[in-house]
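Each chain, written out:
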Amino acid sequence: MDAPEPPANFEVIESAWEAVCVFVKVQTQWRIASDAYIGLDYAAVQWVIQLLGVKNQLEVLSDLQVMEGRLLETLNDRKS
């Protein structure tokens, strides 16, 4: 099956902007086991959140986990 073309432009809900910025910075920090993605390396996530000076850390982490969960579904479904 061919992957759809990614959109050239997309909107980000303003309240999720910090989480998107964190996600972009940690997008290479995946933990993989038995040829499946299991989640982000939260030590790296914590470091980036602190480095960026995120004020609402719990809110950003929560938003990031939503993105992580959806991406895990997508990545692991491709392996099936």
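Now for a quick tour of the structure. (Residues numbered from 1 in each chain as written. Predicted model: local features only at pLDDT ≥ 70, side-chain atom pairs only at ≥ 80, totals over all residues. Heavy atoms only, no water.)

1. Observations regarding the pattern of salt bridges
- Summed over the entire model, instances satisfying the criterion amount to two salt bridges.
- Across the salt bridge formed by D41 and R31, the nearest N and O atoms sit 3.2 Å from each other. With D41 in the loop between β2 (36-40) and α2 (42-51) and R31 in strand β1 (residues 30-33), the pair connects residues that are ten residues apart, well separated along the chain.
- Judged by its relative accessible area of 18%, D41 is buried. (Salt bridge = Lys/Arg side-chain N within 4 Å of Asp/Glu carboxyl O. Helix = DSSP H or I, 4+ residues; strand = E, 2+ residues; numbered from the N terminus. Buried < 20%, exposed > 50% of the residue type's maximum accessible area, 1.4 Å probe, protein only.)

2. Details of the nonpolar core
- Residues V22, L40, V45, I49, V60 and L64 are the most contacted members of the largest nonpolar core, which totals 13 residues.
- Going through the elements one at a time, α1 (17-26), α2 and α3 (57-79) are the ones with two or more residues in this core.
- At four residues, the largest contribution of residues to this core is made by α1.
- For V22, the contacting residues outside a window of four places in its chain are V48, I49, L52, V54, V60 and L64. (Core = buried A, V, L, I, M, F, W, Y, C linked by side-chain atoms within 4.5 Å. Contact = heavy atoms within 4.5 Å.)

3. Details of the environment of Y42
- Residue position: Y42 is located in helix α2.
- As for Y42 and L61, which are separated by 19 residues in sequence, their C-alpha atoms are 9.7 Å apart.
- In this view, Y42 contacts L61, Q65 and E68; residues no more than four positions away in its chain are not counted.
- Of note is the side chain of Y42, whose polar atom sits 3.3 Å from the side chain of Q65. (Polar contact = N/O pair within 3.5 Å; in protein donor to acceptor, adjacent residues only side chain to side chain.)

4. Some words on unusual backbone geometry
- The phi torsion at S34 lies on the positive side, around 50 degrees, for a residue other than glycine.
- As for its position among the elements, S34 is in the loop between β1 and β2.
- By relative accessible area, which is 77% here, S34 ends up exposed.

5. Some points on the pairing of β2
- Here β1 pairs with β2 via four bridges, running antiparallel. Bridged to R31 within β2 is G39.
- Between the end of β1 and the start of β2, which pair antiparallel, lie two residues, with S34 showing a positive phi angle near 50 degrees. (Pairing = 2+ DSSP bridges.)

6. A word on α2
- Every buried residue belonging to α2 is among A44, V45, V48 and I49, and all of these are buried. Each buried residue of α2 lies within a common arc of 135 degrees when the element is viewed along its axis, so the set occupies one face. Turned more than 90 degrees from where α2 packs its buried face, A43, W47 and L51 sit exposed.
- With a side-chain oxygen lying 3.0 Å from the backbone nitrogen of A43, the N-terminal cap of α2 falls on D41. (Arc of directions from axis to C-beta.)

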